[in-house]
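# Survey of secondary and tertiary structure
Read off the chains here:
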Amino acid sequence: MKEDTISTQLLRQIVQNGEFHKKLSFYLQNQISIKSLLLRLLEKIPSEFILGINIFDSFGKIIESSGSIIGQYSTIITFGQKNQFKVEYSISRKENKQINILLIGFSKSGKSSIIHRLNYNSFLGTKLHNIGISTSQFYFLGKTLKITEVGGNMDLITYYLNKEVNNNFDIIFFVLDYSFIYKESLYERIFAILKKIEEEYKLKITFILTKNDVKITSKNFERITKKIEDISFSQKNLITYSSLTNNNFQLLKKHIKAL
Ligand SMILES: Nc1nc2c(ncn2[C@@H]2O[C@H](COP(=O)(O)OP(=O)(O)OP(=O)(O)O)[C@@H](O)[C@H]2O)c(=O)[nH]1
Ligand SMILES: [Mg+2]
């Protein structure tokens, strides 16, 4: 954080000075996308830094976003009598590093919501079903994250893991819906494949048990951890997480930062 002080100060000045508020009012009044204002703002940031900005309306709904955002800082902008906007921004030094992540798991397990959290620091909240393979790329803490999302039923996932995974990936995030009781045999089959991949390609595998905000019996956690133990992966990386409440985001962030 220390090395980014100059840029952070610069950004604070831009966001908090009257000029920015005035411009923002103008943009809002004339219904011009605030994004264009932000893009102009971005030009003032030295090129070795990445600025991320999210603008939320008074209901907390995201209306504009740009760049990588972890919400290190925030400021409230009021406009008119009722309009209140929250601007969250972050600054990080660009690193010449790309991390290739395979985010894989059964349909509706919560994969896209995790990506949305990492990219926009907000809950996706829509039921957008990804068909096949989708990729996204964005900055996260200065690094470029390239995420390949693969979802579907057991057959599709097995096919992808067996045929398409190679050492192009830096890590596999296997996403499991923590609130859903999958069949024992399903875990066994999928974990066996993952174990094989771990050995063959020396790939790191991390399990994300998501939706941990949902009331579940601790039995599910025990079942899953036991299954993971039984398989004896070389590193037992297990993160319980909620995209809805962002519970344990720090763990996820730390994990990605260390890659
Ligand atoms: N309660 C709760 N619901 C969540 C959470 N994450 C995702 N959901 C919900 O679970 C459903 C599926 O979420 P997605 O993120 O679209 O899951 P996905 O794995 O990308 O789904 P597909 O692309 O269709 O395979 C949606 O209705 C989400 O709103 C969470 O942390 N908590
Ligand atoms: Mg999805």
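To keep things clear, this report deals only with the structure shown in the data block. (Residues numbered from 1 in each chain as written. Chains lettered and ligands numbered in written order. Predicted model: local features only at pLDDT ≥ 70, side-chain atom pairs only at ≥ 80, totals over all residues.)

As a packed pair, helix α5 (residues 154-163) and helix α6 (residues 184-201) sit with axes 10 Å apart at the nearest point and diverge in direction by 10 degrees. Judged by the angle between their axes, α5 and α6 are roughly parallel. For the pair α5 and α6, the contacting residues are M154, I157, T158, L161 and N162 in the first and L186, I190, I193 and I197 in the second. Considering only residue class, the contact of α5 with α6 consists of seven nonpolar, two polar and no charged. (Axes fitted to C-alpha atoms, helices over the stretch in contact; angles between N-to-C directions. Helix = DSSP H or I, 4+ residues; strand = E, 2+ residues; numbered from the N terminus. Parallel < 35°, antiparallel > 145°, perpendicular 65-115°, else oblique. Contact = placed C-beta atoms within 7 Å. Nonpolar A, V, L, I, M, F, W, Y, C, P; charged D, E, K, R; others polar.)

With that settled, the discussion passes to the site of ligand 1. Within the structure, ligand 1 sits among 22 residues, and G110, S112, S113, N130 and G151 are positioned closest to it. In terms of residue count, helix α4 (residues 111-120) provides more of the shell around ligand 1 than any other element does, three residues in total. Across the shell around ligand 1, the residue classes break down as four nonpolar, 13 polar and five charged. (Near = placed C-beta within 6 Å.)

Sheet topology note: the strand β5 (residues 98-106)/strand β7 (residues 143-152) ladder contains nine bridges and is parallel. Within β7, the position partnered with F106 by the bridge is G152. Here β5 pairs with strand β8 (residues 171-177) via five bridges, running parallel. When the sheet's bridge partners are listed, I101 is paired in β8 with I171. (Pairing = 2+ DSSP bridges.)

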